Number of protein chains: 2
Amino acid sequence: MTIEKALVVGTGLIGTSAALSLREKGVAVHLSDIDAQAVRVARELGAGREWTGEEVDLAVIAVPPQLVGERLAELQKRGAARAYTDVASVKVDPIADAERLGCDMTSYVPGHPLAGRERSGPAAARAGLFAGRPWALCPGPGTGAEALRLTRGLVALCGAEAVTVGAAEHDSAVALVSHAPHVAASAVAASLASGDDVALSLAGQGLRDVTRIAAGNPLLWRRILSGNAVPVAAVLDRIAADLAAAATALRAGDLDDLTELLRRGVDGHGRIPAIG
Amino acid sequence: MTIEKALVVGTGLIGTSAALSLREKGVAVHLSDIDAQAVRVARELGAGREWTGEEVDLAVIAVPPQLVGERLAELQKRGAARAYTDVASVKVDPIADAERLGCDMTSYVPGHPLAGRERSGPAAARAGLFAGRPWALCPGPGTGAEALRLTRGLVALCGAEAVTVGAAEHDSAVALVSHAPHVAASAVAASLASGDDVALSLAGQGLRDVTRIAAGNPLLWRRILSGNAVPVAAVLDRIAADLAAAATALRAGDLDDLTELLRRGVDGHGRIPAIG
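Residues numbered from 1 in each chain as written. Chains lettered and ligands numbered in written order. Predicted model: local features only at pLDDT ≥ 70, side-chain atom pairs only at ≥ 80, totals over all residues. Heavy atoms only, no water.

Identification of chain A as Prephenate/arogenate dehydrogenase domain-containing protein from Amycolatopsis japonica is taken from an unreviewed UniProt entry. Reading the Sequence similarities (unreviewed entry) entry of the UniProt record for chain A gives the comment "Belongs to the prephenate/arogenate dehydrogenase family." (UniProt positions renumbered as here; feature names shortened; annotations may be inferred.)

Quick word on the overall build of chain A
When its secondary structure is counted, chain A shows eleven helices and nine strands. Compactness check: chain A gives a C-alpha radius of gyration of 21 Å against a globular reference of 19 Å for 276 residues, within 12% of the reference. Structurally, chain A occupies a C-alpha span of about 70 × 40 × 30 Å along its principal axes. Counting over 276 residues, chain A shows a buried share of 56%. (Helix = DSSP H or I, 4+ residues; strand = E, 2+ residues; numbered from the N terminus. Rg over C-alpha atoms; globule rule 2.2 N^0.38 Å. Buried < 20%, exposed > 50% of the residue type's maximum accessible area, 1.4 Å probe, protein only.)

Things to note about the sheet that holds strand 6 (residues 108-109) of chain A
All names here are of chain A. Spatial strand order, 3-2-1-4-5-6: six strands in an open sheet with parallel pairing. Two strands in the sheet have a free side with no partner beyond their single neighbour: strand 3 (49-50) and strand 6. Where strand 1 (residues 5-9) lies against strand 2 (residues 28-32), five bridges are found, and the strand directions are parallel. Its bridge partner lying in strand 2, Val9 is registered against Ser32. Contacting strand 1 and strand 2, helix 1 (residues 13-24) runs over the sheet at an angle of about 165° to strand 2. (Pairing = 2+ DSSP bridges. Contact = heavy atoms within 4.5 Å. Axes fitted to C-alpha atoms, helices over the stretch in contact; angles between N-to-C directions.)

Some thoughts on the side chain of B:His30
Note that B:His30 resides in strand 2 (residues 28-32). If we ignore the near neighbours within four places in the chain, the residues touching B:His30 are B:Lys5, B:Ala6, B:Leu7, B:Val8, B:Arg49, B:Glu50, B:Trp51, B:Glu54 and B:Val56.

Section: helix 5 (residues 145-157) of chain B
At 3.6 residues per turn, the α-helix brings residues three or four places apart onto the same side. All names here are of chain B. Its 13 residues place the ends of helix 5 18 Å apart at the C-alpha level, agreeing with the 18 Å of an ideal helix rising 1.5 Å per residue. Those residues of helix 5 that sit buried are Ala147, Leu150, Thr151, Leu154 and Val155. Projected down its long axis, helix 5 shows its buried positions confined to an angular sector of 145°, all on one face. Seen from the open side of helix 5, the exposed residues pointing more than 90 degrees away from its buried face are Ala145 and Ala156. Looking at the buried residues of helix 5, the elements they touch are helix 1 (13-24), strand 4 (56-61), strand 5 (81-86), strand 6 (108-109), strand 8 (134-137) and strand 9 (161-164). (Expected span 1.5 Å × (residues − 1). Arc of directions from axis to C-beta.)

Some words on the pattern of salt bridges
Under the definition given, this model contains 24 salt bridges over all chains. Residue A:Asp86 is joined to A:Lys91 by a salt bridge in which the shortest nitrogen-to-oxygen separation is 2.9 Å. Here A:Arg271 ties to B:Asp197 by a salt bridge, and the two come within 3.1 Å at their closest N and O atoms. Taken together, the positions of A:Arg271 in the segment after helix 11 (256-270) and B:Asp197 in helix 7 (residues 197-201) put the pair across two chains. Under the relative-accessibility criterion, A:Arg271 is labelled partly exposed at 29%. (Salt bridge = Lys/Arg side-chain N within 4 Å of Asp/Glu carboxyl O.)

This is the structure in structure tokens:
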């Protein structure tokens, strides 16, 4: 049983990119968004046609984390699809919302493709966005086999690599590898406000790389961070403490601990897997 | 008056890359390093021939910041060149060392090419390393016109863009755009030690970019940071305070200030000039 018809709810960057990937593989894609303009842009990009209520095999819920549970409940009530997944960057809260709203958890597979761009919205979408990227899936004890099969089918059609992980473990992991690094990059970029143009003219590729993700949409990131607040705060506290200790050590002229931090940085960097 | 003969003292990454750039433009390059093996590697890469004491037009001192003044004094005593420059990543301390050691400040132009790689040593060198990159020059009130002309000639032959800036202003600038970001990247990379392999498998290009420079040689960076300690500490304190405040805000669920930090990050990132 493969995906012949899909519904993408939320035609932003991720939803529209998934729709384009599915279209490339010949899947019939229906599109829905509360913003009619976003659907129009996605449609014009060839991402699919507007949804008019027909039942599909898989519904991909690509809305902000805080709205996933609500949207899932509505779609299940309409019998919109045989299976449902979402793409929100946090998983514990959306799953708790879905349970609280009485959603059918057998047909829902929480998901999160680890892909993105600094730009948001459907105009930034592209079919290849997920190629070779990890795509976390967080099935629970009640998840049905067919829903998992269909969602794995979506991941494969998008060219991504499925990584199965518990929801809480997922949220701690993305706090570490994505959310806290985003805030750290923002803080480095924010510090540049104190520099004059000559200082900035000395910037090199290193600074560009460190701060690249800081260009992301602040309101989008506010939502992501608020949905994963405690795990992100734990990582930020550690980074802040290391940086404050580094400043103290530099002023004191005692650089052994700072050198140790640099060594730990080399080790940590070495643990990041190469792109698959 | 152009550079016909040059001497590169210190055949590490930067010195050997400068030598290779000069060789490409037909300059006769002589090489010197206390490490005979480093000279041999540079020579085998075509960076020039071993220096046997002949006088050159320009000597490029590419040794660690703490050794620049001493090396300059030795070379001037031998009458090794008509003009001298260095490539150390800090400028206030090497200039103070040179003055203290009684160097001739008319023939010396402090310099710093803003280029590098994560790998160090002559084997990592390449002629194109400086192409399009800024190259800071910090002439003082006593700097002679010919020394400045020869050093600008070096910058041009390496394909870089000369940026004239005061030494103290230079050191604050590189603390902001290079040294503090390096420590911040190291702290983010070091935080990954707490993650398991599944967490790391969810890493994306964003994390790779943020932490790329953290792969740099810890001992090399220890020397760079210790030579610019107070300006770097000032920037690190600001970044640490922003990150600690972000953690507190996340735990309190009050995200307005954090959103403001993200906005400042977008602005700061936007101030970094595109690669010329």
